[in-house]
Amino acid sequence: MQSVLRQLRSLISFKGSARILHLTTGAFFISFVVWFNFAPFSKAIGADLHLSKAQLTTLTLCNLALTVPARILIGALLDRVGPRRLYSGLLIASAIPNTIFAMAHSYGTLVFSRLALGIVGAGFVVGIRMIAEWFPKEKFGLVEGIYGGWGNFGAAAAAMALPVIATAIASGPGAWRWGIGMSGLAAAVYGLVFLLTTQDTPDGVTYARPQKAAALAVSSGGAVWLLAALQVPVAGVLGLVAWRIHRVGIIGTTGLSAVGIGLVALATWLVSNVLRVNRPVLQGQPVEQSFPFAPVALLSLAYGVTFGAELAVIALLPTFFAETFGLKIAAAGLAGSAFAFTNLVSRPGVGIASDYAKSRKSVVVKCLLGTAVCFGMLNLLSNRWPLVLGIAAMGLTSLFVQGGNGAIFAMVPQIHRPSTGQISGLAGSYGNIGGIIFSSVLFFFHDDAHLLFTVIAVSALVVGLLCAYLLPSTRRAAASEPGTISAVPAPALVAGN
């Protein structure tokens, strides 16, 4: 306990690595405020522009869609150019589609600006690599938990603060434009601050770059084909979003066919990159570097469940609480923010537990199984429950969901340091893939929140059992080389062991 307190005290200062942690967490916080500035104004936007429920749900999916390929591409770019310039550029650039969204008067403009704005969600990957450069692996659980937890709190901050800011500046049906517009301005300003006040690595440390950045280089034939298979859902969920946009009349049949052709080309390009980069492995040639691929695949699936559930539920909760308990928009936003609010303690707390556990794997598995149990409980939630009990149930669920996020990314940066951006990008993209799939349940089954809770519970149970049996165990205190995971091989999934 004293060791934990000493670590926390050292992070309170604004010096050295702690300073980078605070500045990078601030960047992630702002990016989440912008990324989720739509949710608290969903009903207001719908009323102002006369949108249907289906149209609003489609906007939620658009918010997540391009983050999927963006996280993979940004992850590859990150390993080449470094996090400082990349994070700054993302924040500054996000102000453009954000302003267009705030000024939109047509549904088509809302859709396309929201699609573009989803790219800011890729900033999460950049910060993972930045933090990993400044801290030893023994502290990854705590520092990545602080980064992820306090950064994710931006979603709750958006729900709580933006409606207040909007109504303080203007009144009437168009007040939402001010709340959204101001968040974009804040992102642009912070992006400039981040550029001027940070650096990629500590003084005297060289920024490690992978030998190949077009795709992740693995070290066995089985891992190559599994990595190629993991690229396909990237295009698949974008096709689902395109079909949803078609259903609400933004693109016609011809446009949908054109998008489909483009997505086939995207999937082909992603898979061909994997095969091209790993051609020597497929030809049986030895590789210079190797690392276990099991954590990459399984942690990507796990993050698809945990962060995917968080994305779907955050967007759902304000409306769910309003309809279930008869709350007004502001009160429903505050009640729904309970899910994201616990990020402040859940991700750092579980991160610390992961740092001190005998095996980080066990923490991931417990969080997934706890998520399954809690969403099973939420399936019973109704207006017969006291509101306080409903909020408490959401808070408990969020502890396991967000704790799972923290436990997963306590492991991700240890897999292979030079390729952290690519690995984080793949795992992070699966978080959005999960979010899109879970959110689609609401569309296909007429906004049945209870069915969504059941689907998430079953998914968490299945992936939790897969991780329990197949995810390599990691030793807390040692690794075979800096930044590389030490693993006990898992059957059929480990590359290079």
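Residues numbered from 1 in each chain as written. Predicted model: local features only at pLDDT ≥ 70, side-chain atom pairs only at ≥ 80, totals over all residues. Heavy atoms only, no water.

*Asks:* I keep staring at the overall build of the chain and nothing clicks. Help me out?
*Replies:* Of regular secondary structure, the chain possesses 21 helices and zero strands. Classification of the 497 residues of the chain by burial places 59% in the buried group. Pairs at least 24 apart in sequence give 84% of the contacts found in the chain among residues at least 6 apart. As displayed, the chain has an accessible area near 18600 Å², and 68% of this comes from carbon and sulfur atoms. (Helix = DSSP H or I, 4+ residues; strand = E, 2+ residues; numbered from the N terminus. Buried < 20%, exposed > 50% of the residue type's maximum accessible area, 1.4 Å probe, protein only. Contact = heavy atoms within 4.5 Å. Areas by Shrake-Rupley, 256 points an atom, 1.4 Å probe, with all protein chains shown as cover.)

*Asks:* I would appreciate a short explanation of unusual backbone geometry in the present structure.
*Replies:* Outside of glycine, negative phi angles account for most residues, and trans bonds account for most peptide bonds. Phi at histidine 50 takes a positive value of approximately 60°, unusual for a residue other than glycine. Within the element layout of this structure, histidine 50 appears in the loop between helix H3 (42-49) and helix H4 (53-65).

*Asks:* Would you mind showing me how to read the packing of H4 against helix H20 (residues 420-444) here?
*Replies:* What describes two packed helices is the angle between their axes and the distance between those same axes. At their nearest, the axes of H4 and H20 sit 9 Å apart, and the two run at 170° to each other. Classified by the interaxial angle, the pair formed by H4 and H20 is roughly antiparallel. Residues Ala54, Thr57, Leu61, Leu64 and Ala65 of H4 form the contact with H20, whose participating residues are Asn432, Gly435, Ile436, Ser439, Ser440 and Phe443. Of the residues belonging to the contact of H4 with H20, the class tally is six nonpolar, five polar and no charged. (Axes fitted to C-alpha atoms, helices over the stretch in contact; angles between N-to-C directions. Parallel < 35°, antiparallel > 145°, perpendicular 65-115°, else oblique. Nonpolar A, V, L, I, M, F, W, Y, C, P; charged D, E, K, R; others polar.)

*Asks:* Explanation requested: helix H8 (residues 123-134) in the structure shown.
*Replies:* Structural remark: α-helix, 3.6 residues per turn; residues separated by three or four positions point the same way. Given a rise of 1.5 Å per residue, twelve residues ought to cover 16 Å, and the 17 Å separating the end C-alpha atoms of H8 matches this to within 8%. With twelve of twelve residues buried, H8 is to be regarded as a mostly interior element. Those residues of H8 not exposed but buried are Gly123, Phe124, Val125, Val126, Gly127, Ile128, Arg129, Met130, Ile131, Ala132, Glu133 and Trp134. (Expected span 1.5 Å × (residues − 1).)

*Asks:* I tried to follow the packing of aromatic side chains on my own but got confused; where do I start?
*Replies:* Aromatic rings considered in pairs are described by the distance between their centres and by the relative angle of their planes. For the structure shown, the criterion picks out 18 aromatic pairs. Ring centres of phenylalanine 28 and phenylalanine 32 lie 4.8 Å apart, and the angle between their planes is 75°; this geometry places the pair in the edge-to-face category. Taken together, the positions of phenylalanine 28 and phenylalanine 32, both in helix H2 (residues 16-35) and four residues apart, correspond to about one turn of that helix. The class for phenylalanine 28 is buried, based on a relative accessible area of 1%. Taken together, a centroid distance of 6.2 Å and an interplanar angle of 45° make the contact between phenylalanine 32 and phenylalanine 307 tilted. Within this pair, whereas phenylalanine 32 is found in helix H2, its partner phenylalanine 307 is found in helix H14 (residues 294-325), the two being separated by 275 residues in sequence. Under the relative-accessibility criterion, phenylalanine 32 is labelled buried at 0%. For phenylalanine 307, a relative accessible area of 1% corresponds to the buried category. By way of ring pairs, the aromatic residues Phe28, Phe32, Trp35, Phe36, Phe124, Tyr147, Tyr303, Phe307 and Phe409 are connected into one cluster. Taking the ring centre of phenylalanine 101 as reference, the NZ or CZ of arginine 114 above it sits at 4.5 Å. (Phe/Tyr/Trp six-rings, centres within 6.5 Å; stacked < 30°, edge-to-face > 60°. Lys NZ or Arg CZ within 6 Å of the ring centre and 35° of its normal.)

*Asks:* Would you mind showing me how to read the environment of histidine 22 here?
*Replies:* Relative to the elements of secondary structure, histidine 22 occurs in helix H2. Distance from histidine 22 to glycine 151, taken between C-alpha atoms, is 10.0 Å for residues 129 residues apart in sequence.

*Asks:* Explain the nonpolar core here, please?
*Replies:* Generally speaking, a soluble globular protein has its nonpolar side chains buried in company with each other. Within the largest apolar cluster, 154 residues are counted, with the highest numbers of intra-cluster contacts made by Ile45, Leu110, Phe293, Phe375 and Met394. Looking at which element gives the most residues to this core, the answer is H14, with 19 residues. Not counting residues up to four positions away in its chain, the partners in contact with methionine 394 are Leu317, Phe320, Phe321, Phe339, Leu378, Leu381 and Phe453. (Core = buried A, V, L, I, M, F, W, Y, C linked by side-chain atoms within 4.5 Å.)

*Asks:* Teacher, can you tell me more about the side chain of asparagine 432 here?
*Replies:* Structurally, the position occupied by asparagine 432 is in helix H20. A relative accessible area of 0% means that asparagine 432 is categorised as buried. Discounting residues that sit within four places of it in the chain, asparagine 432 has contacts with Trp35, Leu64, Thr67, Val68, Arg71, Phe307 and Leu311.

*Asks:* Can you help me understand the confidence of the model for the chain in this one?
*Replies:* Low pLDDT marks stretches whose predicted atomic positions should not be read closely. Looking at the chain, the pLDDT average stands at 84 and 89% of residues meet or exceed 70. Considering only residues more than four positions removed or in separate chains, one finds that residues 476-497, a stretch of pLDDT under 50, has 62 contacts. (pLDDT = per-residue confidence, 0-100.)

*Asks:* Just to check I follow, could you spell out the pattern of salt bridges for this structure?
*Replies:* Opposite charge on two side chains permits them to pair, given that their charged atoms come into close proximity. Following the criterion strictly, the structure yields five salt bridges and no others. The shortest N-O distance in the salt bridge between arginine 129 and aspartate 79 comes to 2.6 Å. With arginine 129 in helix H8 and aspartate 79 in helix H5 (residues 67-81), the pair connects residues that are 50 residues apart, well separated along the chain. Of the charged contacts in the structure, one is a salt bridge between lysine 137 and glutamate 138, with a shortest N-O distance of 3.4 Å. When salt bridges that share partners are traced, they join Asp79, Arg129 and Glu133 into one network. (Salt bridge = Lys/Arg side-chain N within 4 Å of Asp/Glu carboxyl O.)

*Asks:* So what exactly am I meant to see when it comes to helix H10 (residues 176-197) here?
*Replies:* For H10, built from 22 residues, the straight-helix expectation of 32 Å at 1.5 Å per residue is met to within 8% by its first-to-last C-alpha distance of 32 Å. All of the buried residues in H10 are Trp176, Arg177, Gly179, Ile180, Ser183, Gly184, Ala187, Tyr190, Gly191 and Phe194. On its buried side, H10 packs onto H2, H3, helix H6 (83-102), H8 and helix H9 (140-169).

*Asks:* Would you explain a nonpolar patch on the surface in this entry?
*Replies:* Taken together, the side chains of Ile165, Ile169, Trp178, Met182, Leu185, Val189 and Val193 make up a nonpolar region of the molecular surface, amounting to roughly 610 Å² of accessible area. Residue assignment for the nonpolar patch shows that the elements contributing at least two residues are H9 and H10. Broken down by element, the nonpolar patch gets its largest block of residues, five residues, from H10. Its location among the elements puts isoleucine 165 in helix H9. (Patch = residues over 30% accessible without salt bridge, like charges linked within 9 Å, V, L, I, M, F, W, Y side chains within 5 Å.)

*Asks:* Looking at this structure, how should I read the side chain of threonine 58?
*Replies:* Position of threonine 58 relative to the elements: it lies in helix H4. Assessed through its relative accessible area of 0%, threonine 58 is described here as buried. Setting aside its immediate chain neighbours within four residues, threonine 58 contacts Tyr107, Arg244, Ile245 and Val248.

*Asks:* Would you mind showing me how to read the environment of phenylalanine 293 here?
*Replies:* Here phenylalanine 293 lies in the loop between helix H13 (279-282) and H14. With relative accessibility at 0%, the residue phenylalanine 293 sits in the buried group. Considered as a pair, phenylalanine 293 and leucine 227 are 66 residues apart in the sequence and their alpha carbons are 8.7 Å apart.

*Asks:* Teacher, can you tell me more about the packing of H20 against helix H21 (residues 449-470) here?
*Replies:* Across the interface, H20 lies against H21 with an axial gap of 9 Å and an inter-helix angle of 150°. Seen from above, H20 lies across H21 with right-handed handedness. Residue-level contacts link Phe438, Val441 and Leu442 of H20 to Ala449, Leu451, Leu452, Val455, Ile456 and Ser459 of H21. (Left-handed = near helix turned anticlockwise from the far one by under 90°.)

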